[in-house]
Amino acid sequence: MSRDQYTFVNPAELYADIKPEKQHMPEPGLDADLTPKADLGEESYRGTGRLAGRKALITGGDSGIGAATAIAFAREGADVAISYLPEEETDAERIAGILREAGVTVAKLPGDLRDAAYCRSLVDDAVSQLGGLDIVVNNGGKQVYQESLTDLTDEQFDDTFKTNVYAMFWITKAALPHLAPGSAIINTTSIQAYSPAAILVDYASTKATINAFTKGLAAQLAPQGIRVNAVAPGPIWTPLQPSDGQPQEKIEEFGAETPLGRMGQPAELAPAYVFLASAESSYVAGETLNVNGGMPTP
Ligand code: NAD
Ligand code: MG
C-alpha cells in the first residue's frame, strides 16, 4: 500500500532525501521548473469527505502550499476556485486537472492581487462559478530578499504589502457578504512574523501584520459564526524560494536549521488548512497554527 497522510513514518526522515541544488527562476517562479519537484500530495492525499459540498477560494492556488491545499480541499469534497498570475497558467492548468479528477467544480481565475478591482471581481467570479462561498484562503504572497534596507525600493515595499496584506483585506471584505455562519477564513502568515530574517524586512513585516489582522478579525467575526485563523509555515520547498525568496547559497541548506532538520513539503501544510476549514475546528478562532518543523513560536 502506498503512503497517504495518515501513514505513520519518522517525520525526521520523511522527505529528508529531497536536497535541492542552487537554482534561480524569475519571480513568481513555477512548480513546473522546481528541481527536485515539490510534493503537493498528488499521489498521497486521501480525502474522507471532511469538506463535502463546501466552496473554497484559494489565492496562489497554482503552486506550492496553495496548490497542495487546493488538492486536499477537492479530495475532501469542496468545489475550488484558484487565483494566480497569468504567467503561472502552466501550473494552474495542471492543478485544475488534478482538482477536476476529484469530481468537483473548479474555477481558474487569473489576475494580479495588487489590483483592488481584480480582488473584488475574483470574489464575485468565485461566487458565481462555484455557486457560493464558505472558505477563503488568503495564501498568495510575495517574498524577495534584500540584503540592505537601502536596496529595498519603494516599489518593492509597496508590492509586498499590496500582495500580502492589501489583497487579503480587499478579498476578505468582498467575501464577507457571501459567508454564512460556519464559514472559515484562513490566512497564510509565516515563522517570519516572529523571527524576522535580516534580509526579509518587508516580507516579515507583512506576515506580522497578517497575524494581527487574523486575531482582530477573528474576534470581530466570531459572534457571526465565521472563524478566522492563520497557518504559519516554516521553510517549505516551493517556487517562492528560488525566485529570489532566498539567496542562492541558502537554497541547498534550506530548512536544515529546524529541529526536524529538513525543509517541509507543501503536502505537509494541506492538512492544517483542511482542519481550520472543516467543522472539526468549531472552537478554534484567532489561532495561528505553526507548521514549521518544530521551531519555537510565541
Ligand atoms: P508559491 O510561489 O507557490 O505561491 C505563492 C503564490 O502567490 C504564487 O503561486 C502566485 O500565484 C501568488 N502571487 C504572488 N504574487 C501575486 C500577484 N501579484 N498576483 C496574484 N498572485 C500572486 O509559494 P508558497 O511558498 O507556496 O507561498 C504561499 C504562501 O506561503 C505565501 O503567502 C508565502 O508567504 C507563505 N509562506 C511560504 C513559506 C515557504 O517557505 N515556502 C514559508 C512561510 C510562509
Ligand atoms: Mg505559483
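For the structure, see preceding data.
Remember, predicted model here, so these are calculated numbers, not experimental data.

A. Quick peek at the coordination of the magnesium ion (ligand 2). For the magnesium ion (ligand 2), the full set of protein donor atoms is Asp62 (OD), Ser63 (OG) and Glu88 (OE), and the range of their distances to it is 2.1 to 2.2 Å. Along the chain, the residues donating to the magnesium ion (ligand 2) are arranged with the sequence spacing D-S-x24-E. A residue pair is termed long-range when its members are at least 10 positions apart, and serine 63 in the loop between strand E1 (55-59) and helix H1 (64-75) and glutamate 88 in the loop between strand E2 (79-84) and helix H2 (89-101) qualify at 25 residues. Take serine 63: its relative accessible area is 11%, and that puts it in the buried class.

B. Quick look at helix H5 (residues 201-221). For H5, built from 21 residues, the straight-helix expectation of 30 Å at 1.5 Å per residue is met to within 8% by its first-to-last C-alpha distance of 30 Å. Along H5, the positions that sit buried rather than exposed are Asp202, Tyr203, Ala204, Thr206, Lys207, Ile210, Asn211, Thr214, Leu217, Ala218 and Leu221. Buried residues along H5 sit in contact with helix H4 (154-175), strand E5 (184-188), strand E6 (227-233) and strand E7 (288-291).

C. How the structure looks around the packing of H1 against helix H8 (residues 270-277). Contact geometry for H1 and H8: axes closest at 8 Å, N-to-C directions at 55 degrees. Relative to H8, H1 is oriented oblique. Considering the relative orientation of H1 and H8, their crossing is right-handed. Contacts from Ile65, Ala68, Thr69, Ala72 and Phe73 of H1 reach H8 at Ala270, Tyr273, Val274 and Ala277.

D. Representation of the sheet that holds strand E3 (residues 106-110) in the model. Read from one edge of the open sheet, 7 strands run E3-E2-E1-E4-E5-E6-E7, paired in parallel fashion. Each of the sheet's edge strands pairs with one partner strand only, and the pair in question is E3 and E7. Averaged over all neighbouring strand pairs, the angle between strand axes comes to 15 degrees, with direction disregarded. As judged from the 4 bridges shared by E6 and E7, these two strands associate in the parallel manner. Paired with alanine 230 across the two strands is threonine 288, which belongs to E7. Along the sheet face, H4 touches E1, strand E4 (135-138) and E5 and points at about 175 degrees away from the line of E4. Together, E4, E5, E6 and E7 form the strand contacts of H8, whose direction differs from that of E6 by roughly 170 degrees.

E. Layout of the pattern of salt bridges. Applying the stated criterion across every chain, the model contains 13 salt bridges. In this structure, aspartate 4 engages arginine 46 in a salt bridge whose closest nitrogen and oxygen atoms are separated by 2.6 Å. Placement of the pair is aspartate 4 in the segment before E1 and arginine 46 in the segment before E1, with a sequence separation of 42 residues. One salt bridge connects aspartate 79 with lysine 55, and the closest N-O pair in it is separated by 2.9 Å.

About the criteria used
- Residues numbered from 1 in each chain as written.
- Chains lettered and ligands numbered in written order.
- Predicted model: local features only at pLDDT ≥ 70, side-chain atom pairs only at ≥ 80, totals over all residues.
- Heavy atoms only, no water.
- Donors = N, O, S within 2.8 Å, 3.2 Å for Na, K, Ca; no water.
- Helix = DSSP H or I, 4+ residues; strand = E, 2+ residues; numbered from the N terminus.
- Buried < 20%, exposed > 50% of the residue type's maximum accessible area, 1.4 Å probe, protein only.
- Expected span 1.5 Å × (residues − 1).
- Contact = heavy atoms within 4.5 Å.
- Axes fitted to C-alpha atoms, helices over the stretch in contact; angles between N-to-C directions.
- Parallel < 35°, antiparallel > 145°, perpendicular 65-115°, else oblique.
- Left-handed = near helix turned anticlockwise from the far one by under 90°.
- Pairing = 2+ DSSP bridges.
- Salt bridge = Lys/Arg side-chain N within 4 Å of Asp/Glu carboxyl O.

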